[in-house]
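Examination of the molecular architecture
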Amino acid sequence: MERGKMAEAESLETAAEHERILREIESTDTACIGPTLRSVYDGEEHGRFMEKLETRIRNHDREIEKMCNFHYQGFVDSITELLKVRGEAQKLKNQVTDTNRKLQHEGKELVIAMEELKQCRLQQRNISATVDKLMLCLPVLEMYSKLRDQMKTKRHYPALKTLEHLEHTYLPQVSHYRFCKVMVDNIPKLREEIKDVSMSDLKDFLESIRKHSDKIGETAMKQAQQQRNLDNIILQQPRIGSKKKPKKDAYTIFDTEIGSTSPKSEQDSGILDVEDEEDDEEVPGAQDLVDFSPVYRCLHIYSVLGARETFENYYRKQRRKQARLVLQPPSNMHETLDGYRKYFNQIVGFFVVEDHILHTTQGLVNRAYIDELWEMALSKTIAALRTHSSYCSDPNLVLDLKNLIVLFADTLQVYGFPVNQLFDMLLEIRDQYSETLLKKWSGIFRNILDSDNYSPIPVTSEEIYKKVVGQFPFQDTELEKQPFPKKFPFSEFVPKVYNQIKEFIYACLKFSEDLHLSSTEVDDMIRKSTNLLLTRTLSSSLQNVIKRKNIGLTELVQIIINTTHLEKSCKYLEEFITNITNVLPETVHTTKLYGTTTFKDARHAAEEEIYTNLNQKIDQFLQLADYDWMTGELGNKASDYLVDLIAFLRSTFAVFTHLPPHQETSNSLIPCPVLVETLS
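Residues numbered from 1 in each chain as written. Predicted model: local features only at pLDDT ≥ 70, side-chain atom pairs only at ≥ 80, totals over all residues. Heavy atoms only, no water.

Looking at an unreviewed UniProt entry, the protein carries the name Exocyst complex component, with the source organism given as Physeter macrocephalus. We quote the UniProt Function (unreviewed entry) comment for the protein here in full: "Component of the exocyst complex involved in the docking of exocytic vesicles with fusion sites on the plasma membrane." UniProt's Sequence similarities (unreviewed entry) comment on the protein is quoted here verbatim: "Belongs to the SEC15 family." (UniProt positions renumbered as here; feature names shortened; annotations may be inferred.)

Okay, structure coming up:
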């Protein structure tokens, strides 16, 4: 019903419109009727309008007919006009049709252009929306690309920071996109990947420092050596600038007097392969040799990921394993100094790295952990040194080992590690060093005694005389007054033995350097070792020569003379030790040298050997004699055998005339001058 009402309303409106148009046509000039007709064709009720128009025309025709009937002539005229109008109307219709056709033809391209414009506007709107969305997504994609680049270049810590920004700042803004969901799902995998890669870098770092600990330790020990040299130069500067001649101490005397006669100087010991020209060059530190960035990155990454404790435990566990490997000495370490040097370099390198980690990271390692490792290292190192040093039979190697241990201890002490136990162990090695020195000097004394001719040293010029006196403290006014050529009363082994005793003292002094011992301790060590040299080594060598089967009386007498002069030189050895240690002999705890007793015992043994040899010779003469014990006649002359015996004794005791006039002898030997006079 409503639809019917609506249709009726529309019909009324259309009818009213058509009526208006018709009135407008009726009242409008023919030249201006075009717009009115166009409004008809623009509408959809063209047919109804035509019906209305036909109806109106018929009405007008009827009216015209009425009018014509009323006004016939007028009617005819009107018809005539109407026919004219009709022709014009037809022309107008044709023009409108042509215009409409042209308009439709021309408007077709416009319609197409409008459609294209419509599509362009739609695309423009879509593009604008797309650009807006892309501008929102582009930072996410850029951050993700940056993340992949950082991971590709192994910048893991910045990658982790980028991942955090991506997760918490950028992805929530575009979370409804599918690719963002893929990224969100991939974030845990990326974190694990960063974690695994950083751990792989840490493992590579640990392997690298394990391989390069030797080089790191060598560099640290070079730095310590350079610092020690610099300290020595600073200490010597006041001494150089002083006008007064300084009192020689243990170190300056050794450096100036020992010269080429010392067993081996520190420069020749080969502790460090540092050239003199390299002393002024700056030695790189551990941070210059090792890239610690993998540790720092891995520590930061694990801290950010909340797994710092796991990382700390892993790092400490791996370093403990490496410490045990480093502290395991090679089986042939005792054979060369390089074996010890490499062993020490590895240990120093290990703890230099740990000290650097301690001071550059917050809590990755702590002092308790370092102290625990050092205690373990100290005990294992000392045990290894005790074992391997016991195989060393070369005193030069033991001395070089001592210098290397001192440098090792000084280097670690710079980094704050306690090294007192190492210096205590060096005191143990000192006893071993003394034993190796005694063995070496036993061979030296044996060679000197075997190569000696046991004849007084002949002197043909003042130069030779001064040379001998310079080697051995001998003063004899009568001998100085004698013209050349002349002879010293002792043979060549006296100055050689004396100088070798001094060399032994130098060698003992060399071991005491840098051990942080007092002068009294150094003096006591030197005196005890020298006493062992005199009472055990030299005494044994002299006894072996004296007890030799083929030794003659001349050699025995010369030994007595030689030991007499060596006994007198003991006071000079006392002064020599006092000068190099600066410890006066009046000090309460000063040990006295036993050289006097040693040489007296050797002299007494030589006298006993002379007495034994003489008795054997006399017994041989008597055993060879063929005496007629039953003869009744007394001859006026002695037996030929007795004459031969007296001649032998006279020639033999002539040798004793070389003994000093006041030579102290044992009860077993008759004073030589009296015996010779009796035989004469």
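**Things to note about the nonpolar core**
Grouped together as the largest cluster of nonpolar side chains are 123 residues, with contacts concentrated most on Leu-202, Phe-344, Phe-351, Phe-488, Ile-501 and Ile-526. Here this core spans two domains, and each of domain 1 (177–232 + 288–417) and domain 2 (435–455 + 491–610) adds at least three residues to it. Formed by 18 residues, the second largest nonpolar core is a distinct cluster that contains Met-143, Ala-159, Leu-171 and Ile-301. (Core = buried A, V, L, I, M, F, W, Y, C linked by side-chain atoms within 4.5 Å. Buried < 20%, exposed > 50% of the residue type's maximum accessible area, 1.4 Å probe, protein only. Domains from an automatic or database assignment.)

**So, the packing of aromatic side chains**
According to the stated counting rule, one finds 21 aromatic pairs in the structure shown. Between the aromatic rings of Tyr-302 and Phe-311, the centroid separation amounts to 5.5 Å while the plane-to-plane angle is 35°, which identifies the pairing as tilted. You can call Phe-311 buried: its relative accessible area is 0%. When the ring of Phe-474 is compared with that of Phe-488, the centres are 5.6 Å apart and the planes differ by 75°; the resulting orientation is edge-to-face. Linking Phe-474 in the loop between α15 (462–471) and α16 (477–481) with Phe-488 in the loop between β2 (486–487) and α17 (493–512), this pair joins segments that are 14 residues apart in sequence. (Phe/Tyr/Trp six-rings, centres within 6.5 Å; stacked < 30°, edge-to-face > 60°. Helix = DSSP H or I, 4+ residues; strand = E, 2+ residues; numbered from the N terminus.)

**A short note on the environment of Glu-574**
Residue placement: Glu-574 occurs in helix α20 (residues 570–581). Of the residues examined, Glu-574 reaches a relative accessible area of 16% and is grouped as buried. Considering only alpha carbons, one finds Glu-574 and Leu-593, 19 residues apart in sequence, at a separation of 7.1 Å. Apart from residues no more than four positions distant in its own chain, Glu-574 is found in contact with Arg-527, Lys-592 and Leu-593. Within the local environment of Glu-574, its side chain forms a polar contact with the side chain of Arg-527, the two groups lying 2.5 Å apart. (Contact = heavy atoms within 4.5 Å. Polar contact = N/O pair within 3.5 Å; in protein donor to acceptor, adjacent residues only side chain to side chain.)

**Observations regarding the confidence of the model for the protein**
Chain-level statistics for the protein give a pLDDT mean of 77 and a share of 80% at 70 or above. Across residues 239–280, where pLDDT falls below 50, the model places 68 contacts with residues more than four positions away in sequence or in other chains. Scored below 50 in pLDDT, residues 662–680 makes 24 contacts in the model with residues more than four places away or belonging to other chains. (pLDDT = per-residue confidence, 0-100.)

**Concerning a positive patch on the surface**
Taken together, the side chains of Lys-317, Lys-321, Arg-324 and Lys-380 present a region of like positive charge at the surface. Counting residues per element, the positive patch draws most heavily on helix α10 (residues 308–326), at 3 residues. Judged by relative accessible area, Lys-380 falls into the partly exposed class, the value being 39%. (Patch = residues over 30% accessible without salt bridge, like charges linked within 9 Å, V, L, I, M, F, W, Y side chains within 5 Å. Areas by Shrake-Rupley, 256 points an atom, 1.4 Å probe, with all protein chains shown as cover. Salt bridge = Lys/Arg side-chain N within 4 Å of Asp/Glu carboxyl O. Lys, Arg positive; Asp, Glu negative; His and termini not counted. Charge placed at Lys NZ, Arg CZ, Asp CG, Glu CD.)

**Digging into α17**
Relative to the 28 Å expected for 20 residues at 1.5 Å per residue, α17 spans 29 Å between its end C-alpha atoms, a close match to the ideal helical length. Taken across its 20 residues, α17 has 16 buried, putting it largely inside the fold. A positive backbone phi angle near 65° is found at Asp-514, which sits one or two residues after α17. (Expected span 1.5 Å × (residues − 1).)

**Notes on a nonpolar patch on the surface**
A cluster of nonpolar side chains, namely Ile-127, Val-131, Met-135, Leu-138 and Leu-141, defines an oily patch on the protein surface of about 440 Å² accessible area. Locating Leu-141 in the fold gives a position in helix α4 (residues 72–152). Residue Leu-141 is classed as partly exposed on the basis of its relative accessible area of 37%.

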